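So you can see what is in the structure, the chains are spelled out below.
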Amino acid sequence: MEEEMSTLFTFLENFDTENNIKIYDESGELLYEGKMGDVPQRISNMMSVIRGTVVNKGSYLTVKVKKC
């Protein structure tokens, strides 16, 4: 069964650019840590959010992504 995904770029548009985020790949490797507004374009345009992986950790969100 294939997981439903949305593009990371579209996902990030729903939040204030000053919110903190940690972006992990499918294997759990950290790809980016910092402000949502500073996510590199090569990550935001080439990745999709894996449904059900977004977690609010209080001061930041974590999300797992998969290459489109």
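Calculation rules
- Residues numbered from 1 in each chain as written.
- Predicted model: local features only at pLDDT ≥ 70, side-chain atom pairs only at ≥ 80, totals over all residues.
- Heavy atoms only, no water.
- Helix = DSSP H or I, 4+ residues; strand = E, 2+ residues; numbered from the N terminus.
- Buried < 20%, exposed > 50% of the residue type's maximum accessible area, 1.4 Å probe, protein only.
- Contact = heavy atoms within 4.5 Å.
- Areas by Shrake-Rupley, 256 points an atom, 1.4 Å probe, with all protein chains shown as cover.
- Lys, Arg positive; Asp, Glu negative; His and termini not counted.
- Charge placed at Lys NZ, Arg CZ, Asp CG, Glu CD.
- Salt bridge = Lys/Arg side-chain N within 4 Å of Asp/Glu carboxyl O.

Draft legend 1. Just the overall build of the chain, in detail. Broken down by element type, the chain carries two helices and six strands. Helices and strands appear in the chain in the N-to-C order β-α-β-β-α-β-β-β. In terms of its C-alpha atoms, the chain occupies a principal-axis envelope of roughly 35 × 25 × 20 Å. In the chain, which comprises 68 residues, the proportion classed as buried is 31%. Partitioning the contacts of the chain with sequence separation of at least 6, the portion at a separation of at least 24 is 44%. Accessible surface computed for the chain: about 4600 Å², of which carbon and sulfur atoms make up 46%. If you average the places of the 8 positive and of the 11 negative side-chain charges in the chain, the two averages end up 4 Å apart.

Draft legend 2. Quick look at the pattern of salt bridges. Applying the stated criterion across every chain, the model contains one salt bridge. Among the ionic pairs, Glu-33 bridges to Lys-22, the shortest N-O distance being 3.7 Å. Of this pair, Glu-33 sits in strand E3 (residues 30-35) while Lys-22 sits in strand E2 (residues 20-25); the two residues are eleven residues apart in sequence, bridging distant segments of the chain. Given the relative accessible area of 19%, Lys-22 is considered buried.

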